[in-house]
Amino acid sequence: MSEQPTPSQRVTGYIWPAIGIAQAIHVTAELNLPDVIGDTPKTAAELAQQTHCHAPTLFRLLRALTSIDIFAQDADGKFRNTPLSDTLRKDHPDSVHPWAAMLPAHFIWKPWAELSHAVKTGEVPFNRVFGTGVFDYFSAHPEDGEIFNSSMRVHGSFGAGIAAAYDFSRVEFVADLGGGHGGTLYEILAVYPKLRGMLFDLPSVVAGADILRNAPFAGRAAIVAGDFLQAAPEGPDVYLLCRVIHDWSDADATTILQNCRRAIPTHGTLLLAEVPLPPCAHPSQAFGDLLMLIFGGVERTESEYRALLHSCGFELTRVIPVDAHFILEARPI
Ligand SMILES: C[S@@+](CC[C@H](N)C(=O)[O-])C[C@H]1O[C@@H](n2cnc3c(N)ncnc32)[C@H](O)[C@@H]1O
């Protein structure tokens, strides 16, 4: 029987080697090493040549990852893919490459180092480091914005889950506010052939909405550039905000929801797709909240959503599970 780790070993385990693992996986994704290896094992020198890296240092990275089963090393010294490194390949059906490219990227890693300051002052780490809010930063730094927007497409069947869990058959026109590149709306429109849709996001983001522009049902999909902090578009009868409200403080979330309330018809429906925190949050949820803190957002409990919605003129009517998320359905009061 294996012995339980001591409290000191458990705490050490959270710190070490976790801090190095996240960055090592990030660099692996950035260099596309699992794709470069493909199905043919390669030496560190061969990989260094193909990726324009420093061979002895690349070897140390590969050796470290091999110790946690991301890559394996053959007797002849060549590194090959494993089931774990395969998930970092871009063409893997369940690829986590965009997630690995985004979460430990410099624009998140540097703000994490400001957590201490944030806990002491309440200041938003991202804004402290970059002098601007995260979405303004992405507009000004399109390469980083692309890394972020691509990561939103991970677990890309999110829209299909929403379409399966929520009945849009009586809806005429749905707007996906903050819908990114339109992947979620694409999957909803694909399931409901009479439904019209509108993707609404910042200009620099809707520019990347090729999935909707090239869809066979592109005629049913309007693509609108706008700013929901200024106004929500009028016309749709359902307003969907997926993983949007958790990005914002109560003050900004109130502005967005009040703008929706002004635009929505009295018979309309507001749908938020979020992960309301249960009383005892799982680590992935509780630390997801810390990630939101880095950006200036917050994960809320169901009762906090209910109160926020009520203060903006909506009544929370149903909470519907969708995979790891929930749809919070609300109607204008
Ligand atoms: C966390 S992402 C969620 C993307 C998508 N809904 C999803 O679930 O994959 C938040 C989205 O809100 C958009 N956004 C941020 N500020 C915005 C604004 N002021 N007006 C419209 N969209 C905005 C971002 O560009 C981004 O696409």
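Look up: the structure comes first, before these words.
Residues numbered from 1 in each chain as written. Predicted model: local features only at pLDDT ≥ 70, side-chain atom pairs only at ≥ 80, totals over all residues. Heavy atoms only, no water.

### A look at the site of the ligand
Our working definition: Near, as used in this document, describes a residue that has one of its heavy atoms within 4 Å of the molecule or strand being considered. Under the rule applied, a polar contact is a pair of N or O atoms within 3.5 Å (in protein, one hydrogen donor and one hydrogen acceptor; residues adjacent in sequence only if both atoms are side-chain atoms). Per-residue and other accessible areas were derived by the Shrake-Rupley procedure at a 1.4 Å probe size, with only the shown protein chains allowed to occlude residues. Three categories are distinguished: nonpolar for Ala, Val, Leu, Ile, Met, Phe, Trp, Tyr, Cys and Pro, charged for Asp, Glu, Lys and Arg, and polar for the others, with Gly belonging to the last.
Neighbouring the ligand are 16 residues; Gly178, Asp201, Asp227, Cys242 and Arg243 lie closest to it. The backbone of Gly178 places a nitrogen or oxygen atom 2.7 Å from a nitrogen atom of the ligand. For the ligand, a nitrogen atom lies 2.9 Å from a polar atom in the backbone of Phe228. The fraction of the free accessible surface of the ligand (590 Å²) that becomes covered by protein chains is 96%. Tallied by class, the residues present in the shell around the ligand amount to 8 nonpolar, 4 polar and 4 charged.

### Some details on a nonpolar patch on the surface
What counts, and what does not: By definition, no residue in a patch forms a salt bridge, and every one has over 30% relative accessible area; like charges are joined within 9 Å, nonpolar side chains (Val, Leu, Ile, Met, Phe, Trp, Tyr) within 5 Å. Just to be clear on terms, a salt bridge is a Lys or Arg side-chain nitrogen sitting within 4 Å of an Asp or Glu carboxyl oxygen. Secondary structure elements follow DSSP: runs of H or I no shorter than four residues count as helices, runs of E no shorter than two count as strands, and numbering proceeds from the N terminus. Burial classes follow relative accessibility: with a 1.4 Å probe on protein chains only, a residue under 20% of its type's maximum area counts as buried, one over 50% as exposed, and anything between as partly exposed.
A surface patch of nonpolar side chains, amounting to about 700 Å² of accessible area, comprises Val11, Tyr14, Ile15, Trp16, Ile19 and Trp109. In terms of residue count, helix α1 (residues 7–15) provides more of the nonpolar patch than any other element does, 3 residues in total. Along the chain, Val11 turns up in helix α1. Overall, the relative accessible area of 48% leaves Val11 in the partly exposed class.

### Describing unusual backbone geometry
Going from Trp16 to Pro17, the amide bond is cis rather than trans, its omega being 10°. Locating Pro17 in the fold gives a position in the loop between α1 and α2 (18–30). For Asp69, which is not a glycine, the phi torsion comes out positive at approximately 70°. Here Asp69 falls in the exposed class, since its relative accessible area comes to 51%.

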